[in-house]
Amino acid sequence: MSTATEAASEEIHPSDEAHDDHDHGLSDFGYIKVALLLAVLTAAEVLIYFAPPGRLEVPLLLILMVLKFEIVVAYFMHLRFDSKLFTWMFVGGLVLAVAVYAAMGTSMVFWTDPAGCDVSPNPNC
């Protein structure tokens with residue numbers, strides 16, 4: 001009877017050997033390297049933010065944001081080791097978010113109201 005119970009248990013809960021072929025993730029040292037890389041990128045973002053403003057400030061911050069997003073999603077959410085469908089779903093969401101952010105940002109600079117006044121304080125409007 002114990003043999004039948006063990007066989008049924010093996011069917012419901014496969015042995016750990018079956019999971020060894022499906023290794024998701026990095027070693028502990030790999031995660032430490034990824035965390036250090038993210039810390040360096042975050043330090044770069046802070047330095048860019050506190051530097052005197054220039055034309056490259058926002059594009060550099062956006063590029064670093066996308067790079068950090070990709071690293072976090074790839075390694076900490078294990079998308080690097082999963083189906084490409086999941087990766088494309090996250091990329092689609094990221095593209096949509098950046099497009100909405102860009103549309104909002106340009107609306108404050110390039111678009112004006114019907115009276116011809118822009119967002120800057122103008123006493124004539």
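Structural data are supplied above this passage.
First things first, this report covers the structure right here in the doc.

1. As for the packing of helix α4 (residues 57–76) against helix α5 (residues 84–107)
Part 1 of the reasoning: Following both chains from N to C, one finds α4 and α5 inclined at 160°, their axes separated by 12 Å at the closest point. The angle between α4 and α5 places the two elements in the roughly antiparallel class. Remark: the crossing between α4 and α5 carries right-handed chirality. For the pair α4 and α5, contact is made by L62, M65, V66, F69 and V73 and by F90, L94, V98 and Y101, respectively.
Part 2 of the reasoning: Of the residues assigned to the contact of α4 with α5, the class counts are nine nonpolar, no polar and no charged.

2. A short note on the packing of helix α3 (residues 28–50) against α4
Part 1 of the reasoning: The N-to-C vectors of α3 and α4 enclose an angle of 165°; their axes lie 10 Å apart at closest approach. Classed by the angle they form, the pair α3 and α4 counts as roughly antiparallel. The interaxial crossing formed by α3 with α4 has left-handed handedness. Residues Y31, V34, L37, L38, L41, T42, A44, E45, I48 and Y49 of α3 pack against E57, L60, L61, L64, M65, L67, K68, I71, V72, Y75 and F76 of α4.
Part 2 of the reasoning: Among the residues forming the contact of α3 with α4, the class breakdown is 17 nonpolar, one polar and three charged.

3. Observations regarding α3
Part 1 of the reasoning: Between its first and last C-alpha, α3 extends 33 Å over 23 residues, near the 33 Å set by a 1.5 Å rise per residue.
Part 2 of the reasoning: Buried residues of α3: G30, V34, L38, L41, E45 and I48, and no others.
Part 3 of the reasoning: Buried residues along α3 sit in contact with α4.

4. Some points on the packing of aromatic side chains
Part 1 of the reasoning: What the rule picks out here adds up to three aromatic pairs.
Part 2 of the reasoning: With centroids separated by 5.7 Å and ring planes inclined at 25°, the aromatic side chains of Y31 and F76 adopt a geometry described as stacked. Here Y31, found in helix α3, pairs with F76, found in helix α4; they are 45 residues apart in sequence, far enough to count as distant.
Part 3 of the reasoning: Residue classification places Y31 among the partly exposed residues on the basis of a relative accessible area of 21%.
Part 4 of the reasoning: On the basis of relative accessibility, which here comes to 36%, the residue F76 falls in the partly exposed class.
Part 5 of the reasoning: Note on Y49 and F50: the rings are 5.2 Å apart at their centroids and 85° apart in plane angle, and the pair reads as edge-to-face. Per residue, the accessibility class of Y49 equals that of F50, and both read exposed.

5. Details of unusual backbone geometry
It is generally the case that most residues other than glycine have a negative phi and that most peptide bonds are trans.
Part 1 of the reasoning: For H78, which is not a glycine, the phi torsion comes out positive at approximately 60°.
Part 2 of the reasoning: Relative to the helices and strands, H78 resides in the loop between α4 and α5.
Part 3 of the reasoning: For H78, a relative accessible area of 25% puts it in the partly exposed group.

6. Observations concerning α4
Part 1 of the reasoning: Across its 20 residues, α4 extends 28 Å between first and last C-alpha, which sits within 8% of the 28 Å expected from 1.5 Å per residue.
Part 2 of the reasoning: Taken together, the buried positions of α4 are E57, L64, K68, I71, V73, A74 and Y75.
Part 3 of the reasoning: Buried residues belonging to α4 abut α3 and α5.
Part 4 of the reasoning: One or two positions beyond α4, positive phi appears at H78, with a value near 60°.

What counts and what doesn't
- Residues numbered from 1 in each chain as written.
- Predicted model: local features only at pLDDT ≥ 70, side-chain atom pairs only at ≥ 80, totals over all residues.
- Heavy atoms only, no water.
- Axes fitted to C-alpha atoms, helices over the stretch in contact; angles between N-to-C directions.
- Helix = DSSP H or I, 4+ residues; strand = E, 2+ residues; numbered from the N terminus.
- Parallel < 35°, antiparallel > 145°, perpendicular 65-115°, else oblique.
- Left-handed = near helix turned anticlockwise from the far one by under 90°.
- Contact = heavy atoms within 4.5 Å.
- Nonpolar A, V, L, I, M, F, W, Y, C, P; charged D, E, K, R; others polar.
- Expected span 1.5 Å × (residues − 1).
- Buried < 20%, exposed > 50% of the residue type's maximum accessible area, 1.4 Å probe, protein only.
- Phe/Tyr/Trp six-rings, centres within 6.5 Å; stacked < 30°, edge-to-face > 60°.

Just geometry here; none of it tells us what the structure is for.
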